[in-house]
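Read off the chains here:
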Amino acid sequence: MLAIFFKCLLSNKYKIFCLFFCLSLFACAGHTTDQPFTILTTTGMLGDAVKNIVKEDAQVVSLMGPGIDPHTYQTTQKDVQQLRCASMIFYNGLDLEGKMTNLLKEVAKDKAVYAVSDALNKTALLCDGPVGIDPHIWFDVNIWKQIVGFISQKLQAARPESAAYYKSNTLAYMEELTQLHQSVTAQIQSIPEKQRVLITAHDAFGYFGKAYGIEVVGLQGISTVSECGLQDIKRIVDLIINRNVKAVFFETSVSDKSMRAVLEGCARYGHKVTVGGYLYSDALGAPDTLEGSYCGMIHTNTTTIVNALR
Ligand SMILES: [Zn+2]
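Residues numbered from 1 in each chain as written. Predicted model: local features only at pLDDT ≥ 70, side-chain atom pairs only at ≥ 80, totals over all residues. Heavy atoms only, no water.

Focus: the overall build of the protein
Consideration 1: Helix and strand counts for the protein stand at ten helices and ten strands.
Consideration 2: Pairs at least 24 residues apart make up 69% of the contacts formed inside the protein by residues separated by at least 6 positions.
Consideration 3: On the protein, roughly 15,200 Å² of surface is accessible, and the fraction owed to carbon and sulfur atoms is 56%. (Helix = DSSP H or I, 4+ residues; strand = E, 2+ residues; numbered from the N terminus. Contact = heavy atoms within 4.5 Å. Areas by Shrake-Rupley, 256 points an atom, 1.4 Å probe, with all protein chains shown as cover.)

So, the coordination of the zinc ion
Consideration 1: On the protein side, the zinc ion has H71 (NE2), H136 (NE2), H202 (NE2) and D282 (OD) as donor atoms, found 1.9 to 2.1 Å from it.
Consideration 2: Taken together, the four donor atoms coordinating the zinc ion and their angles of 94 to 124 degrees define a geometry best described as tetrahedral.
Consideration 3: In the primary sequence, the donor residues of the zinc ion line up as H-x64-H-x65-H-x79-D. Residue H202 is located in strand β7 (residues 197-202), and its partner D282 is located in the loop between β10 (274-279) and α10 (294-309); the two are separated by 80 residues in the primary sequence. In terms of burial, H202 and D282 fall into one category: buried. (Donors = N, O, S within 2.8 Å, 3.2 Å for Na, K, Ca; no water. Tetrahedral: all angles 85-135°; square planar, octahedral: opposite > 155°, others 65-115°. Buried < 20%, exposed > 50% of the residue type's maximum accessible area, 1.4 Å probe, protein only.)

Re the environment of Q220
Consideration 1: Tracing the backbone through its elements, the reader meets Q220 in strand β8 (residues 215-220).
Consideration 2: Every residue in contact with Q220, bar those within four places of it in the chain, is listed here: A201, H202, D203, S226, E227, C228 and V254.
Consideration 3: Of the polar contacts made by the side chain of Q220, one reaches the backbone oxygen of T224; its length is 3.4 Å. (Polar contact = N/O pair within 3.5 Å; in protein donor to acceptor, adjacent residues only side chain to side chain.)

Structural notes on the sheet that holds strand β3 (residues 88-91)
Consideration 1: One open sheet accounts for four strands, arranged β2-β1-β3-β4; its pairing is parallel. Across the chains shown, the open sheet's two edge strands, defined by having one partner strand only, are β2 (59-64) and β4 (112-115). Across the sheet, the axes of successive neighbouring strands diverge by a mean angle of 20 degrees, strand direction being ignored.
Consideration 2: As judged from the three bridges shared by strand β1 (residues 38-43) and β3, these two strands associate in the parallel manner. Bridged to T41 within β3 is F90.
Consideration 3: Along the sheet, helix α2 (residues 44-54) makes contact with β1, β2 and β3, crossing β1 at roughly 150 degrees.
Consideration 4: Most of the contacts of helix α3 (residues 77-85) go to β2, to which it runs at about 145 degrees, and overall it touches β1, β2 and β3. (Pairing = 2+ DSSP bridges. Axes fitted to C-alpha atoms, helices over the stretch in contact; angles between N-to-C directions.)

Printed below as a string of structure tokens:
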């Protein structure tokens, strides 16, 4: 047992050593002061927040594109170079970026790196038993407004020459977010109360459920790192049958496999349940589509949920 423990310890240390070695190896080639100010984010949701603040005034790079699961994301050599070259970095925190967190903390030793979840009051965060704090903070638009405010403050401080422009863009974007929050609230409330049960592949929608008044049930927990078991599938099948739930949902960044097992389980009992559609949970949709922006993602998810459950 002890031997296995030390083996794991050594292999993890080795991995971290390799990443740091790569960091020093991939110094930002040809970096000059003429290069544009580049803001790097881990998720697309954060990238979209930054873009709405800086517009064309800075370059924005997001590492995790459409369909990418941040919980299991593996850092690539290209990412390491981009982290090295970025002027500023924003990441979610609360362990959303699982395997990347140690690297981000290391990069923070010589540049501005912010975990945006640090901006939130602890009382706003949802706990999930011994597993930890739910990291899916973007699903309550009011909480996300606090994050946008935090990012804007950091950007204004880093670029005083653009601060007034960033402030004005932030105010306009905040207004858009306020309207989005009101629209989502009204749409979810239009589902009859008994039918407000949102069953998804993993527990990404806790903040959404709390903010907009819909019960949320995930097949997997708040992270996709551990697989769901037969007991989890049975628990969801029973719930669908007992509560006569009309639809369940797939997620664009999580495998359909377990949810398909739930559908088969319901079919075995002769219970008809449909697939309400795909929800954008931990990643935005493709660029240049509605779901490719944060507001579009929330809007599309809400429409998909309401159409299937109402
Ligand atoms: Zn997630």
